[in-house]
Amino acid sequence: MVSVMGKVVAADRFGLVGKLLENKYRVDAAVAEGGFGIVYAGFHLLLAKPLAIKILKRPPAADTVGWSERVGRFLEEGRLMARLRHPAVVGVIDAGLTATDRDPEGVAWIVMEWLEGETLADDLARRRERGEHGRSRAEVFALLRPAIEAMAEAHEAGIVHRDLKPSNLMLVPGKHGTSVRILDFGIAKVVQVDAAAPSTTQTDAPYRAFSLAYAAPEQLSGARTGPWTDVHALGVVLTEALCGDHADAQDDVDAHYRAAFAPNRPTPASLGVEVGAWEPILLRAQAVDPRDRYASAGELLAALDEVEQVPPRRRAAAPGDRRPGARSPAPGPTRVMRSPARTPRIWFRVGLATAAVALLVVAWQLVAARGDHPADATPIPPRCTSNAACSRPGAPAICRPEAGCVALRSADCEPLADVRALNSDATIWIGAMFPRTGPDATTFGVYEANAVELARRDFSQIMSGSSTPGALARARPFGVVLCDDAVDPHRAATHLVEHVGVPAVIGFYSSVEAIDLATSLFLPKRVLAIASLNTNPLVTSVPQPAGVPRLVWRTTYNSADAAAALSAFVARELERPLRDASGDRGGIRVALLRPRNAAGAALSDAFFKTLRFNGKSVLDNGSAYRELTFEAEAPKSSPEYVELRRELLAFTPHIVLYAGNAAIIEALFAPLEDQWPRAVAHRPRYVSIAQFPRELLDFVGASRARRGRFFGITPVASTPANARLVTHYNEVFPTKITRTFSPNASYDAFYLLAYASYAIPPDEAVTGERLARAIGKLVPPGRPIEVGIAGIFDAYAALSKNESIDLTGATGNLDFDLAAGEAAFDQAILCVGVDDHGKASEGIESGLVYSATWKQLAGAMRCP
């Protein structure tokens, strides 16, 4: 048998040979080794079929690329290949990260279909040894067209291979002849073509692992790569397959460099091989300037198909496709990250599930009963014809034809808008609800309100010239009606919906409020609700009206996802050190401290499903797991905190998982630490289901011992979009934020609504239902756009032409599951940072990241 990768090489280095991965696969002999990985022959135990298992190698000591980043790239390769379900791409079956005795951090692996055959490189070498020339044009077309078609589909999906060459093209014999498979997407990336020229800045320096003989000029010079880079490689491969020898077989790097930038690339005719109408096609495919090449493999395939009289293939618009009449592709990709669609699952115990479902059913019956009937009648103001006619100094108002002049200001609400927006009849008014009075106003309310205002200013600033003739003249301005929901949220929401008539509202103070307003007001009135603060799984489980698009969405994370990430953190990082330090042979004890409400109950069920310690589930751990509840709004002086402290002191948990307000820090944790039994060897590790409040940082203070025992979680904050938001925000507002304490979800929510409105034709009214449908234009595939001023023009240009964009927020990739109304975010484990004076300063990312795609915790913890 000839293996997929050639002869057998080094023995197992990872402790996986003979071990079962997930009890499904057997790992046998190593069959090939490359710069980044080793491929093993394997066997699927259940299906009784051979397969190939690719395992990521540890880098050499001098390597500057972080292990977690390398693992992420490796697993991304598997994800990209899995997305390309084309017969000419090697099939991916599974992937994961498995800890072994030799490597506790985990071994990254990808399971692929087993192929038998030889590579195109082997085939060409064998032909040369026999003194044969290359294949005929008809043979090459029949053999390699499927590979070009596969790359065309890859480019349409925004995937660029960047290392196409004969050794990455597998020839597999079969009943109906030889077929081709594309291998090794190890240095592939996901891109989208924008209108900029090729950049001279190399963003992929650590991964310049391409093959010199097939590298495009932009790869050799360190410029931006894109679909045009694969077109160059395909041109070289086609030429070699036709001629039998590589057109640029040079001896050294300098020779390759000179040949790549030579004005006249070798073609079959220059090498004595006649290929007719293919000659100009291959010459164009290998042009030095990317702008002179075909924009994508789809264009190259279309040119070849036309010559060979193959009917045009049906396809979507490729990322690399040019505008009609353009000279060339516009190379200059920007990053886009995608996550597979996902439907969150919430696991309830029978009693809680029954109660929750019953409440939601009753709520929805009330919604159905109310229908679209207006609320209590209000006085009809004088009739009006324009917004400009309604506003007076100090009394901003808008004109609603059915109601007359309506004041924007109310007892709870304040308008935020520039003069143009106040006077324009085309202005889109968006509601926002955050606590603006009481203790939570300064804790988080002011930051969220500022984030929405910052986003509004972004659009006001960048689109301020759109009143002049031109492409932007039809862009509608935005205004925000900002309301305080700490006093009477229903009154504030009624003003937004009944009086102002906003199509969408961002917020809210609590999950209970969000669910109540959605069922009682927003859904009956077809108003879109964007929950930017509420992590309760129930928020996006509210029943939606039949026959209308989803009207409840979320731009923050789902606490069920956070529970899964923290469960992985407990099992991987906390359990073993605690067991060793305490010497407790009976294992560790875990307590969950959570509020006594629906959000707390949903969180409990998420941990009940995902948490494992002592090698067992929560259920099987029995008395080693305790769940303690408290009233969510209980003051610090509440006697129930005394009772909670008594129970915790009696239980002496090794780990305390907790969710709740800042009161528990002073009312519970401080006295718990002071009264902890001296006879107990361990001190608890406290793991928050959120970021760190200021009260916790003050409590930790300069204590190094305490600093090492508090952990939290946040969507990955070390992203360019979030960094730009933090800098932008701190330039404008005196209340400073950090990357891990950032109102990014509210900022993202405004951009989501603004861009959705751009996808609505200018002659149509902006309603909640239309905005909801338009969100489908903001998810992959599409042109990648990050929130922030820099992307507004490009987003408007695309959406106003009915094209799609792929929106990335400061919180993470906003790749919404359109059925569920939320996106999955990668989660970073937080530890407590320290300032120059040795005091706790903020939550910082620890280096551990839980992948929403792979459901794995990767990286190494580096806490101060």
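In what follows, the structure referred to is the one given above.
Rules behind the numbers
- Residues numbered from 1 in each chain as written.
- Predicted model: local features only at pLDDT ≥ 70, side-chain atom pairs only at ≥ 80, totals over all residues.
- Heavy atoms only, no water.
- Pairing = 2+ DSSP bridges.
- Helix = DSSP H or I, 4+ residues; strand = E, 2+ residues; numbered from the N terminus.
- Axes fitted to C-alpha atoms, helices over the stretch in contact; angles between N-to-C directions.
- Buried < 20%, exposed > 50% of the residue type's maximum accessible area, 1.4 Å probe, protein only.
- Salt bridge = Lys/Arg side-chain N within 4 Å of Asp/Glu carboxyl O.
- Expected span 1.5 Å × (residues − 1).
- Disulfide = S-S within 2.5 Å.
- Contact = heavy atoms within 4.5 Å.

Caption draft 1: Spatial organisation of the sheet that holds strand β32 (residues 856-858). Ordered in space as β24-β21-β25-β26-β27-β30-β31-β32, the eight strands form an open sheet in which the pairing is mixed. With one partner strand each, in any of the chains shown, β24 (625-630) and β32 form the two edges of the open sheet. Direction aside, neighbouring strands of the sheet carry axes that sit 30 degrees apart on average. Two strands pair when backbone bridges link them, and strand β27 (residues 710-715) and strand β30 (residues 827-834) are joined in this way by five bridges, in the antiparallel orientation.

Caption draft 2: Highlighting the pairing of strand β3 (residues 37-44). Most of β3 sits out of view: seven of its eight residues are buried. The pairing of strand β2 (residues 25-33) with β3 spans six bridges and is classified as antiparallel. Residue pairing in the sheet places Arg26 in a bridge with Phe43 of β3. Sheet analysis places β3 next to strand β4 (residues 49-56), joined by eight bridges and oriented antiparallel. Note that in β4 the partner of Gly42 across the bridge is Leu51. The turn joining β3 and β4, which pair antiparallel and follow one another in sequence, is formed by four residues; a positive phi near 55 degrees is taken by Ala48.

Caption draft 3: Region of interest: the pattern of salt bridges. All chains considered together, the criterion is met by 31 salt bridges. The salt bridge partner of Asp28 is Arg26, with a shortest N-O separation of 2.9 Å. One network of salt bridges, in which partners are shared, links Glu118, Asp123, Arg126, Arg127, Arg130, Glu132 and Arg135.

Caption draft 4: Summary view of helix α21 (residues 720-732). In a regular helix each residue adds 1.5 Å, so 13 residues correspond to 18 Å; α21 covers 19 Å between its end C-alpha atoms and thus fits that length. Among the residues of α21, those classed as buried are Ala721, Asn722, Ala723, Leu725, Val726, His728 and Tyr729.

Caption draft 5: Structural detail: the environment of Ala571. With respect to the secondary-structure elements, Ala571 resides in helix α14 (residues 559-582). On the basis of relative accessibility, which here comes to 40%, the residue Ala571 falls in the partly exposed class.

Caption draft 6: Region of the structure containing the state of the cysteines. Counted under the stated rule, the structure contains four disulfides. Between the sulfur of Cys384 and that of Cys399 lies a disulfide, 2.0 Å long from S to S. One quick way to see it: the torsion about the S-S bond of Cys384 and Cys399 is about 95 degrees, and its sign makes the bridge right-handed. Of this pair, Cys384 sits in the loop between α9 (350-370) and β13 (397-400) while Cys399 is found in strand β13, placing the two residues 15 residues apart along the sequence. Look at Cys384 and you get buried, because its relative accessible area is 18%. What pairs with Cys390 in a disulfide is Cys405, and their sulfur atoms sit 2.1 Å apart. Residues Cys390 and Cys405 are joined by a disulfide whose S-S torsion is about -75 degrees; by sign, that bridge is left-handed. Separated by 15 residues along the polypeptide, Cys390 in the loop between α9 and β13 and Cys405 in strand β14 (residues 404-407) bring together distant segments of the chain. Across the chain, the disulfide pattern expressed with sequentially numbered bonded cysteines is 1-3, 2-4, 5-6, 7-8.

Caption draft 7: A look at the sheet that holds strand β7 (residues 118-119). Spatial strand order, β7-β9-β10: three strands in an open sheet with antiparallel pairing. In this open sheet, the two strands that pair with only one neighbour each are β7 and β10 (177-182). Bridge analysis of β7 against strand β9 (residues 169-174) gives two bridges, and the strand direction is antiparallel. Bridging across to β9, Thr119 finds its partner in Met170. In the packing of helix α3 (residues 137-156) onto the sheet, the strands contacted are β9 and β10, and the crossing angle to β10 comes to about 30 degrees.

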